[in-house]
There are 4 protein chains.
Amino acid sequence: MNSQAKIRVGVLGATGAVGQRFVQMLQGHPWFELSVLCASPRNTGKRYGDACNWLLRGDMPAHLRDWVLEEMAPGIDCQLVFSALPSGPARTVEAELAAAGYVVCSNASAYRYEPDVPLLIPEVNPEHIGLIDLQRRQRGWEGFIATNPNCSTTHLVSAIHPLHEAFGVTKIFVVTMQAVSGGGYTGVPSMDVIDNVIPYIGAEEEKMESREPQKLLGQFDGQAVQMADFVVSAHCNRVPVRNGHLAAVSVEFARRPSLEDVRRAWAEYEPLPQRMGLPSAPDEAILYREEADRPQPRMDRLAGSVPGMTTVVGRLRADPLLHVKFLTLGHNTIRGAAGGSLLNAELLAAQGYLGGQKQADSDQLPVTEPVLATVP
Amino acid sequence: MNSQAKIRVGVLGATGAVGQRFVQMLQGHPWFELSVLCASPRNTGKRYGDACNWLLRGDMPAHLRDWVLEEMAPGIDCQLVFSALPSGPARTVEAELAAAGYVVCSNASAYRYEPDVPLLIPEVNPEHIGLIDLQRRQRGWEGFIATNPNCSTTHLVSAIHPLHEAFGVTKIFVVTMQAVSGGGYTGVPSMDVIDNVIPYIGAEEEKMESREPQKLLGQFDGQAVQMADFVVSAHCNRVPVRNGHLAAVSVEFARRPSLEDVRRAWAEYEPLPQRMGLPSAPDEAILYREEADRPQPRMDRLAGSVPGMTTVVGRLRADPLLHVKFLTLGHNTIRGAAGGSLLNAELLAAQGYLGGQKQADSDQLPVTEPVLATVP
Amino acid sequence: MNSQAKIRVGVLGATGAVGQRFVQMLQGHPWFELSVLCASPRNTGKRYGDACNWLLRGDMPAHLRDWVLEEMAPGIDCQLVFSALPSGPARTVEAELAAAGYVVCSNASAYRYEPDVPLLIPEVNPEHIGLIDLQRRQRGWEGFIATNPNCSTTHLVSAIHPLHEAFGVTKIFVVTMQAVSGGGYTGVPSMDVIDNVIPYIGAEEEKMESREPQKLLGQFDGQAVQMADFVVSAHCNRVPVRNGHLAAVSVEFARRPSLEDVRRAWAEYEPLPQRMGLPSAPDEAILYREEADRPQPRMDRLAGSVPGMTTVVGRLRADPLLHVKFLTLGHNTIRGAAGGSLLNAELLAAQGYLGGQKQADSDQLPVTEPVLATVP
Amino acid sequence: MNSQAKIRVGVLGATGAVGQRFVQMLQGHPWFELSVLCASPRNTGKRYGDACNWLLRGDMPAHLRDWVLEEMAPGIDCQLVFSALPSGPARTVEAELAAAGYVVCSNASAYRYEPDVPLLIPEVNPEHIGLIDLQRRQRGWEGFIATNPNCSTTHLVSAIHPLHEAFGVTKIFVVTMQAVSGGGYTGVPSMDVIDNVIPYIGAEEEKMESREPQKLLGQFDGQAVQMADFVVSAHCNRVPVRNGHLAAVSVEFARRPSLEDVRRAWAEYEPLPQRMGLPSAPDEAILYREEADRPQPRMDRLAGSVPGMTTVVGRLRADPLLHVKFLTLGHNTIRGAAGGSLLNAELLAAQGYLGGQKQADSDQLPVTEPVLATVP
């Protein structure tokens, strides 16, 4: 992809915590070029440098300080938008933009559970992008919406995926210890978390138990995604950690693996984005740490060749009730939010959904090297 | 019990975090009178005020500042000792004292798993004190050792006990989020816990899975405790909280209860210490909180009429894998350590094991009001 | 004061963090009886139990759950209101109520700097209540407003007061390390304070440098308060602590005291509220801790016979630049907010400003024992 | 400098927190090649991977895992040692090695205050290396010791230096809020800092008030360092932050500068290491942040082109008592410890003290480009 050909992209909700991550991750991106920053009506027309309280380490990219925040509506100068909107506004804005021909890569939950909207982790279910044709036909949209899962679900399902492929998951028990950034910048008051754990996160357990894992690991039959058939029990907790969701997980399979089998499944895992060399795909989708006390949020949340994009696992051991137990950890605002959407967009670009030569049939996936080479 | 008749007690390991709790809880105790403070050889002979870095809110009781720390050996002037020793020293010191006729109420794990040593929660298995006769006979000791369980096990088993009585527990899944005080004053460096979770506590999962709950809920048949037959899977984690161990728990029973059944079992629970009115028994052994986001460590660790002695439960709901799921919370250095030992000592006193009129046969428990009335 | 004669009081802004403290501290008060809870328009008409997210340890007083929140306007059934309003609403509501005859004891900053409104710490400047006559005359109000200072200023000036009396303060250097509760429940996002210090609190340094200490330590000449003449330099910081404002302080005086002189001035300090025995006055207005590393927020914020009402000082030593340096610590939402207002109200009651026999002339203060005896 | 010519260096105390920083910063260093890891007797002979609990983000460099820890004594294969020893062992070990011909760049305080040992910040007082000749002559040592200051002093003096040059400092008031890593890995128990501030750090205030700043800013007259003549008052506090020491500072000068003068002095500051291009010298020795609430430890501790080596300042404003006030922030284990020593070693190498062509006379400093070019 030469630089003239870069795909112009915008960010919806650019002033918020996830919006800032999109902006940060798009700096110097080899395929995408940030061309529009959009904000809610109360900030439209303001300078980005004035409206945005930059929360990330390091400074706001200097050249963006003077960009004027635009309205989230058709007419913005880009081909693809990344959506960091809350669910409410996302419902209307994303549909409007998709109808008008934009590709919407959304971190919002508004459309995640629609049968014709792909809920994607490129390592896990890239073939689900086949739903896009259905979505466009059914809705009469020029563009389309593709979504990524909730931050907690992302790392759980990422760690489970190669095990599911090999042994067939039947039961999952998961207890999360989630970072405060998952609640947004002002979502969790310091009065609540200092010297404390808050054992409740609204709607989180429902997402993890029944709405997302079964769709992510479901089979796309060319027409629809057939939900995977396993049961999840989830307890979700907020802990005094800034970034990084840790989860204690126990799993049962159709075929009981040895611990060595599980280790091998993770070690030999080489999913599509890594084989394709997508720019934001880390060398290791899953990293196993050997130490008795890892992964830990502060130590491991930025693990991997693309910091924050790897799922870290550890403490694999036999489970007295189910088959195995282990820990998963991952960055919630990188892979679990902005980075997840970005990798989806890279998959879509590589598969020709962004104006290059689109694959006739998604079941031809995985894409081979030559195909990638022709990508814009 | 008139004040002349108070039982003289000592504290082993009085300078440490748990030792200080013993000292604090014994101030003004109606039955026990602190008469000896013992410390490790390096502190023997020093003033308590000099050797002890007081960690609890409020000051060290002023009259204790000048007490001289004594050696942990027969000859100390008391009838009962509370042991806040590490497991290693406890192994030899506790045996030596028990052999010499002292009653040892120990928070150490050294003797917890011996078949002839009671592992006690007075609400849960008071009849296990019957093991004491066996212990004295077998070992030829004048005195004896009684122990309380690990801080995490205590609150888990306390919450489960009435459910086990009513429905028969078969499977427990538990993930703990434990306070740093459980590791002792210097046990958890601040470098490790700020902005972090440490998903490993040495030997803790083993204790919770197979060593303690089955003994605590086992049947005493007059000769031995027959281990209860259920399976536990435990993940133990350290979180940046000072005090209070929170646990996410899912349980399966022999007879599936409704949520209402579980609520009722907790609400109607009125175990022995509460009926006997033991001084350190809180009015409610188990307290259910209705809020969606409780219990929380900082808010609920001091709940109850005797602060820190109640087990708080909440968020009861159906579990997709097992039967029900809920949260438990309790103070780890009060009920989970010093307070647990103290309540054991009160039970022993009330049952005549401290020189009053001993019950001939522990299977006559629970003790009725008249018995308590004759207690010192 | 017999219970029939209790003064009926209301709380403005009863659902917020400071409002809850008022409610909590008024439970069982010997002189005051809570009769009205008021809230902002959006909560008026709701049950207190529904509108208020109770933030304090322990439960909301059960009998208040069903109280209906009332509008903040004349007509409410009480004689005195405690105001926990933000500055904006306070400006209009407090004036309206004072005009209508209510006594307003306000924690808001809206009227603190008006020349005819007393800014009170009962230990420091009780004679400033003489401004009330002026206030009523000038404004034609039936009632009046009395205010307490900012949470940081309160403990600084409390610690300085006896030294100022004895040696005449000329220069103060102060750096605060303030708790997050000072910013209100949602004021400080957890994203900001975990593993961090925020070295800025809006308008706080201005209050400490020039607006409050000079008025508090000023002389009331019967007509006006003549500002005290000393210079303050303040740096204000927010630290990851829930409650308790710590400050490092260096001071220069007109007459250089020895360290022993300073210690004695604190030790012999026995101000009016303590001599009068006001219900919320702690036995020790100022408590000096001897340890090298105290006061500390978590250990000392609840010090004193009335928890949270004492100012704790420590680490007194010679200062290389000014004369002495030391630390001050105090609870910011108790003495520094609700408790400060409450003690003001008690002083007003004791001085006859609440319908008892009013003192003819405030310069007769300090009040002697017999006067207190005739108080309602 | 070609790679054959790299200077072989060792680390004393390689398993500790500061030792690990030395190891980390030496990876890929252009001038130095790590050749020896030394540890205390109890770890001598062990593998580094076994003896060292790696505390830094990212893994221990893999090739070092099998290195065997050596004894800290003459004979080790290197020319220069970095010392991360505690003060006690440093006293004997460092002298022994210096006597035997090694160059010792020490972070310990053992020799900092000796009149013939340079206490160096390369930006501040590079000419003090002239003391080395004196040191060797007086002590008859083949090698020598050069030290860097305490972590808190480092950033204070770094920020003050250009102001002292321009306006002549006379008085400094400083209150620190220091990170827990300054106390070493196990130095600050989590029980102490959660929800707390500890307003005491042993011997820290003495170092900042009278031992270090006056020597650092003193004049080297060819024979000795004449202490600078200004007075410092310091209060030192430990806050719940992992890394980064923040300080609130007020300063008075011989010539009162405007705020603009101060800003300009910082902006135009271009000290020797930056002009020489020493490898670990950041592009900006001092970075001024414009925001009202910066610097903050978490956001700014890794600022600069060489992360952790820049001193960040902010919130410059007029001081009511002295002339100006501002904040300083810097990383305490990088620039404040290992990085400080490393930059000292680079200065020594560039000046020919490591076997290249030594400068005849240190007053010829600053060194010009050609000199650097001839350095090994």
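Look a little higher up for the structure.
Read on for a plain summary of the structure. (Residues numbered from 1 in each chain as written. Chains lettered and ligands numbered in written order. Predicted model: local features only at pLDDT ≥ 70, side-chain atom pairs only at ≥ 80, totals over all residues. Heavy atoms only, no water.)

1. Examining the overall build of chain A
- Scanning chain A from N- to C-terminus turns up 13 helices and 13 strands.
- A compact globule built from 376 residues would reach a C-alpha radius of gyration of about 21 Å, and chain A, at 20 Å, matches this within 12%.
- Its C-alpha atoms put chain A at 60 × 55 × 35 Å along the principal axes.
- Counting only residues that meet the buried cut, chain A has 66% of its 376 residues in that class.
- In chain A, of all internal contacts separated by at least 6 residues, the share reaching a separation of at least 24 is 76%.
- When the accessible surface of chain A is summed, it comes to about 12500 Å², and 47% of that surface belongs to carbon and sulfur atoms.
- Distance between charge centroids for chain A: 4 Å, based on 33 positive and 41 negative side chains. (Helix = DSSP H or I, 4+ residues; strand = E, 2+ residues; numbered from the N terminus. Rg over C-alpha atoms; globule rule 2.2 N^0.38 Å. Buried < 20%, exposed > 50% of the residue type's maximum accessible area, 1.4 Å probe, protein only. Contact = heavy atoms within 4.5 Å. Areas by Shrake-Rupley, 256 points an atom, 1.4 Å probe, with all protein chains shown as cover. Lys, Arg positive; Asp, Glu negative; His and termini not counted. Charge placed at Lys NZ, Arg CZ, Asp CG, Glu CD.)

2. Overview of the side chain of Asp 116 of chain C
- Note that Asp 116 of chain C resides in the loop between β4 (103-106) and α4 (131-139).
- Discounting residues that sit within four places of it in the chain, Asp 116 of chain C has contacts with Leu 131, Leu 134, Gln 135, Gln 138 and Arg 139 of chain C.

3. With respect to the pairing of strand β13 (residues 324-330) of chain B
Residues and elements named next belong to chain B.
- Among the seven residues in β13, seven count as buried, and that is most of the element.
- A two-sided burial pattern is seen for β13, the buried positions comprising Val 324, Phe 326, Thr 328 and Gly 330 on one face and Lys 325, Leu 327 and Leu 329 on the other.
- Bridge analysis of strand β12 (residues 311-318) against β13 gives five bridges, and the strand direction is antiparallel. The partner of Arg 317 across the bridge, within β13, is Lys 325.
- Linking β12 to β13, which pair antiparallel, is a turn of five residues. (Pairing = 2+ DSSP bridges.)

4. Remarks on the relation of the copies chain C and chain A
- When chain C is brought onto chain A, the operation consists of a screw motion whose angular component is 180° and whose axial shift is 0.0 Å, with 0.0 Å RMSD remaining. With respect to symmetry, the two chain copies, as superposed, fit the operation of a two-fold axis. No C-alpha of chain C lies nearer the rotation axis than that of Ser 190 of chain C, which sits 2.0 Å from it.
- When the interface residues of chain C are mapped onto chain A, 100% of them again lie at the interface, so the same face is used by both copies. (Least-squares fit on C-alpha atoms with pLDDT ≥ 70 in both.)

5. Quick look at the interface of chain C and chain A
- Across the boundary between the two partners, chain C contributes 15 residues, which contact 15 residues of chain A.
- Overall, the association of chain C and chain A removes approximately 1500 Å² of surface from exposure, summing both partners, and the carbon and sulfur fraction of that is 66%.
- When residues of chain C are sorted by the area they lose upon contact with chain A, Met 191, Ile 194 and Arg 242 of chain C head the list and together hold 45% of the total.
- Scanning the region where chain C abuts chain A turns up zero salt bridges.
- The tally of links between chain C and chain A comes to six residue pairs in polar contact (both at pLDDT 80 or more).
- Of the residues assigned to the side of chain C that touches chain A, the class counts are nine nonpolar, four polar and two charged. (Buried area = accessible area lost by both parts, 1.4 Å probe. Salt bridge = Lys/Arg side-chain N within 4 Å of Asp/Glu carboxyl O. Polar contact = N/O pair within 3.5 Å; in protein donor to acceptor, adjacent residues only side chain to side chain. Nonpolar A, V, L, I, M, F, W, Y, C, P; charged D, E, K, R; others polar.)

6. Some remarks on the pattern of salt bridges
- If you walk through the whole model with that rule in mind, you get 76 salt bridges over all chains.
- The salt bridge involving Arg 47 of chain C is made with Asp 66 of chain C; its shortest N-O contact spans 2.6 Å. With a gap of 19 residues between them, Arg 47 of chain C in the loop between β2 (32-38) and α2 (48-51) and Asp 66 of chain C in the loop between α2 and β3 (80-83) connect regions that are remote in the sequence.
- Here Glu 123 of chain D makes a salt bridge to Arg 335 of chain D, at a shortest N to O gap of 2.6 Å. Of this pair, Glu 123 of chain D sits in the loop between β4 (103-106) and α4 (131-139) while Arg 335 of chain D sits in helix α12 (residues 334-350), and the two are 212 residues apart along the sequence. Note on accessibility: Glu 123 of chain D and Arg 335 of chain D belong to one class, buried.
- When salt bridges with common partners are traced through the structure, they connect Asp 59 of chain A together with Arg 289, Glu 291, Arg 294 and Asp 300 of chain D into a single cluster.

7. Some thoughts on helix α3 (residues 87-99) of chain A
Residue and element names in this part refer to chain A.
- Here α3 spans 18 Å end to end across 13 residues, near enough to the 18 Å set by a 1.5 Å rise per residue.
- Buried within α3 we find Ala 90, Val 93, Glu 94, Ala 95, Leu 97 and Ala 98.
- The secondary structure elements touched by the buried residues of α3 are β1 (7-12), β3 (80-83), β4 (103-106) and β5 (144-147).
- Directly after α3, the chain includes Gly 101, whose backbone phi takes a positive value near 110°. (Expected span 1.5 Å × (residues − 1).)

8. Things to note about the sheet that holds strand β10 (residues 245-253) of chain D
Residues and elements named next belong to chain D.
- The strand order across the open sheet built from six strands is β9-β6-β10-β13-β12-β11, with neighbouring strands paired in mixed fashion. At either margin of the open sheet sits one strand with a lone partner, and together these are β9 (231-238) and β11 (286-289). The sheet shows a mean angle of 25° between the axes of neighbouring strands, taken without regard to direction.
- In the packing of helix α5 (residues 151-167) onto the sheet, contacts are made with β6 (169-178), β10, β11, β12 (311-318) and β13 (324-330), and the angle to β6 comes to roughly 155°.
- On the sheet, helix α7 (residues 204-211) packs against β6 and β9 and is oriented at approximately 160° with respect to β9. (Axes fitted to C-alpha atoms, helices over the stretch in contact; angles between N-to-C directions.)

9. Section: the interface of chain B and chain A
- The interface of chain B with chain A comprises 48 residues on the first partner and 48 residues on the second.
- Summing both sides of the interface, chain B and chain A together bury roughly 3600 Å²; the carbon and sulfur share of this comes to 60%.
- There are eight salt bridges connecting chain B and chain A.
- Between Glu 209 of chain A and Lys 325 of chain B there is a salt bridge; the shortest N-O distance is 2.4 Å.
- Applying the counting criterion to the chain B and chain A interface returns 28 residue pairs in polar contact (both at pLDDT 80 or more).
- Every element with two or more residues in the side of chain B that touches chain A is listed here: β6 (169-178), α6 (190-193), α7 (204-211), β9 (231-238), β10 (245-253), α11 (297-300), β12 and β13 of chain B.

10. Thoughts on the pairing of strand β10 (residues 245-253) of chain A
Residues and elements named next belong to chain A.
- Buried residues dominate β10, accounting for nine of its nine residues.
- As defined by bridge partners, strand β6 (residues 169-178) adjoins β10 across eight bridges and the pair is classed as antiparallel. In the sheet register, Ile 172 faces β10, and the bridge partner there is Val 251.
- Note that β10 and strand β13 (residues 324-330) share seven bridges and pair antiparallel. Each bridged residue has a counterpart across the sheet, and for Leu 246 the counterpart in β13 is Leu 329.

11. What to know about the sheet that holds strand β3 (residues 80-83) of chain B
All names here are of chain B.
- Overall, parallel pairing links the five strands, which are arranged β2-β1-β3-β4-β5 in an open sheet. On the outer flanks of this sheet lie β2 (32-38) and β5 (144-147), each paired with one strand and no other. Taken over all neighbouring pairs, the strand axes of this sheet differ in orientation by 25° on average, direction set aside.
- Those strands touched by helix α12 (residues 334-350) are β1 (7-12), β2, β3, β4 (103-106) and β5, and its axis lies near 145° from that of β4.

12. What to know about the packing of aromatic side chains
All names here are of chain C.
- All told, the structure shown has 30 aromatic pairs over all chains when counted by the stated rule.
- With centroids separated by 6.1 Å and ring planes inclined at 70°, the aromatic side chains of Phe 32 and Phe 82 adopt a geometry described as edge-to-face. Of this pair, Phe 32 sits in strand β2 while Phe 82 sits in strand β3, placing them 50 residues apart in sequence. Residue Phe 32 shares its accessibility class with Phe 82, and that shared class is buried. (Phe/Tyr/Trp six-rings, centres within 6.5 Å; stacked < 30°, edge-to-face > 60°.)

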